[in-house]
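A closer look at the structure
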Amino acid sequence: MTARASTPDRGPGPRPGREPARQRVLRAARQALRVLAVELGTPTEPGTPLLGSVRSPWLRRLPYVVAFGFAVSLLPTSINVLGNDYGLEGGLVGALATAQTVPLLLAVTRPLQAWWVIFAADVLGAVALIGADGVAGRAWPWPPMEIVGYLALMLALSLRERRRTLTAVWLTTGVAGLLSQVFTPDRSNNTWVLMFVLTGVVLMMGATLRERGDAQRKLIEQETISEAERARRTLLEERARIARELHDVVAHHMSVITVQAASAPYRISGLPGEAEEEFGAIAATARESLAEMRRLLGVLRSEEAEQQGGPEKTPQPGIGMLPKLVEGTVRAGVPVELALPGEPVALEPAVDLSAYRIVQEALANVVRHAPGAPTRVSVTVAADGARLTVLIVNSAPSAPSAPLETTGTGHGLIGMRERVRLVDGSLDTGPLPDGGFRVAARLPLSPPPSQASPLSTTKDAHSV
């Protein structure tokens, strides 16, 4: 006969691996106290004055004036009320009144630290008033002057600290009021509910105002960043467009180098073998450079050019095409007078293209922003023959008329500056006293030595 193993009965105790409810509550309470201590002990931007980032100097001084006004008015009031009405002793009255009001001056730069001092002083004051003779029939634990000073402190606190810190301050105020119910003096008017409600209202209003101001400030910052990015993008687009236009000029120079290097053994008799190999290497390098130029142009090609089936195949314009440009502007309703040099001027391709584009963009601005304004375009050569001056001057429109565009993108002036910088020239633009506008560009007839064209170098070497 086998004995059956008896299993011990499991009582109603806690299951293995499951934490008792009391321990869970204690752990949650400790965690909440830890978070509360962190929030109440970590101020935001300590030392930075309230409204310190505003531009107006009067608004920057306003927190100091308000804090000084509250401190000066509440200090004698607190001394008088605590001493005469509540019947506290003189030394204790002075210490409590000073601790409850003077830290309001600290609230301008360090409101959370000021709260610690004022809150502790208010709690000590409530304890001191328990046995006072005049507390019967009066407000307790927070007398009226303490409520006023505390609400002023809450306003400063809400303008600086984050919502979690404000919530911790509000809950701490409420808990202190609840605990005071255990020691409420007889026949006193309890004010902890009033203090708790008013503190929450002020904190909520101040936090709402601060968050609205932060949102507006971030919006302004984003608009500033967007404007800077838009200007940068405009500049890059203009530089890419100028680079695409100058591709033809550079490609022509490279083509001439290729032809001259490849045909040198046939044009010059008696070349040694080393020289023929050198010319062949130059021609091969030039052809590779042309291929790389075409790839570069593909990178710089705009979406509009791709939709049109590729880059433009028309030759780049110069000052010789200005009469046709002026004729089209006149048909658009802008009277334009053109003055060109009497004799043809030999210009570098980049300078010739830059001069034409500057006139084109200046006339386009007149059509957009000052329709019908009389305009004069003059292209002159300096007496020493070193510089070309392009001047476009328009007066105010004879008949008042609304501009076709009230706000421009700035592409015209940006393009002019980039083209002038490209050829090492100078640009002067600005409004005139009569309401017109002036654009003056001075371009060198020959590029600086560092920008000498490959074609010119090749021709000089060949002539030698």
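Residues numbered from 1 in each chain as written. Predicted model: local features only at pLDDT ≥ 70, side-chain atom pairs only at ≥ 80, totals over all residues. Heavy atoms only, no water.

Let us now look at the overall build of the protein. Helix and strand content of the protein: 13 helices and seven strands. Within the protein, the fraction of its 464 residues that count as buried is 33%. A separation threshold of at least 6 residues defines the contact pool for the protein, and within that pool the share at least 24 residues apart is 73%. (Helix = DSSP H or I, 4+ residues; strand = E, 2+ residues; numbered from the N terminus. Buried < 20%, exposed > 50% of the residue type's maximum accessible area, 1.4 Å probe, protein only. Contact = heavy atoms within 4.5 Å.)

Further remarks concern the packing of helix α2 (residues 57-85) against helix α5 (residues 144-158). Each pair of packed helices can be described by the angle between their axes along with the distance between the axes. It is at 9 Å that the axes of α2 and α5 come closest, and there the two elements cross at 155°. Taken as axis vectors, α2 and α5 run roughly antiparallel relative to one another. As α2 packs across α5, the resulting crossing turns out to be left-handed. Facing α2, whose interface residues are F70, L74, T77, S78, V81 and L82, α5 presents M145, V148, G149 and A152. (Axes fitted to C-alpha atoms, helices over the stretch in contact; angles between N-to-C directions. Parallel < 35°, antiparallel > 145°, perpendicular 65-115°, else oblique. Left-handed = near helix turned anticlockwise from the far one by under 90°.)

Once that is clear, we can look at the sheet that holds strand β6 (residues 426-431). Spatial ordering of the open sheet is given by β3-β4-β5-β7-β6, a layout of five strands whose pairing is mixed. Looking at strand neighbours, the two that pair on one side only are β3 (336-339) and β6, the edges of this open sheet. Taken pair by pair, the neighbouring strands of this sheet meet at an average axis angle of 10°, ignoring direction. Two elements, β3 and strand β4 (residues 375-381), share four bridges in a ladder whose sense is parallel. (Pairing = 2+ DSSP bridges.)

Moving on, we come to the environment of A128. In this fold, A128 is placed in helix α4 (residues 111-129). For A128 and L92, which are 36 residues apart along the polypeptide, the C-alpha to C-alpha distance reads 8.8 Å. Here A128 is in contact with L88, L92 and L96, once residues within four sequence places are set aside.

Time to look at the pairing of strand β5 (residues 387-394). Burial along β5 is one-sided: the residues L388, V390, I392 and N394 are buried and none of R387, T389, L391 and V393 is. For β4 and β5, the ladder comprises seven bridges, and the chain directions are antiparallel. Counterpart to R376 in the pairing with β5 is V393. Counting the residues that bridge the hairpin from β4 to β5 gives five residues, and of these G385 lies at a positive phi of roughly 70°. Note that β5 and strand β7 (residues 437-444) share eight bridges and pair antiparallel. Opposite T389, over in β7, you have R442 as the bridge partner.

So, on to the environment of T173. Tracing the chain through its elements places T173 in helix α6 (residues 163-180). In contact with T173, other than residues within four places in its own chain, are F119, Y150, M195 and T199.

A few words on a negative patch on the surface. A cluster of acidic residues, E274, E276, E277 and E278, forms a negative patch on the protein surface. Structurally, E274 can be placed in helix α8 (residues 273-300). (Patch = residues over 30% accessible without salt bridge, like charges linked within 9 Å, V, L, I, M, F, W, Y side chains within 5 Å. Areas by Shrake-Rupley, 256 points an atom, 1.4 Å probe, with all protein chains shown as cover. Salt bridge = Lys/Arg side-chain N within 4 Å of Asp/Glu carboxyl O. Lys, Arg positive; Asp, Glu negative; His and termini not counted. Charge placed at Lys NZ, Arg CZ, Asp CG, Glu CD.)

For α5, spanning 15 residues, the distance from its first C-alpha to its last is 21 Å, which sits close to the expected 21 Å at 1.5 Å a residue. Counting buried residues in α5 gives twelve out of 15 residues, a clear majority hidden from the surface. The complete set of buried residues in α5 reads M145, E146, I147, G149, Y150, L151, A152, L153, M154, A156, L157 and S158. (Expected span 1.5 Å × (residues − 1).)

Next up on the list: the nonpolar core. L82, W115, Y150, L153, M154 and V169 are the most contacted members of the largest nonpolar core, which totals 40 residues. Elements supplying a minimum of two residues to this core: α2, α3 (90-101), α4, β1 (139-140), α5, α6 and α7 (192-267). Sort the elements by how many residues they give to this core and α5 lands first, with eight residues. Judged by nonpolar contacts, the second largest core, of 29 residues, contains L325, A370, M416 and V423. (Core = buried A, V, L, I, M, F, W, Y, C linked by side-chain atoms within 4.5 Å.)

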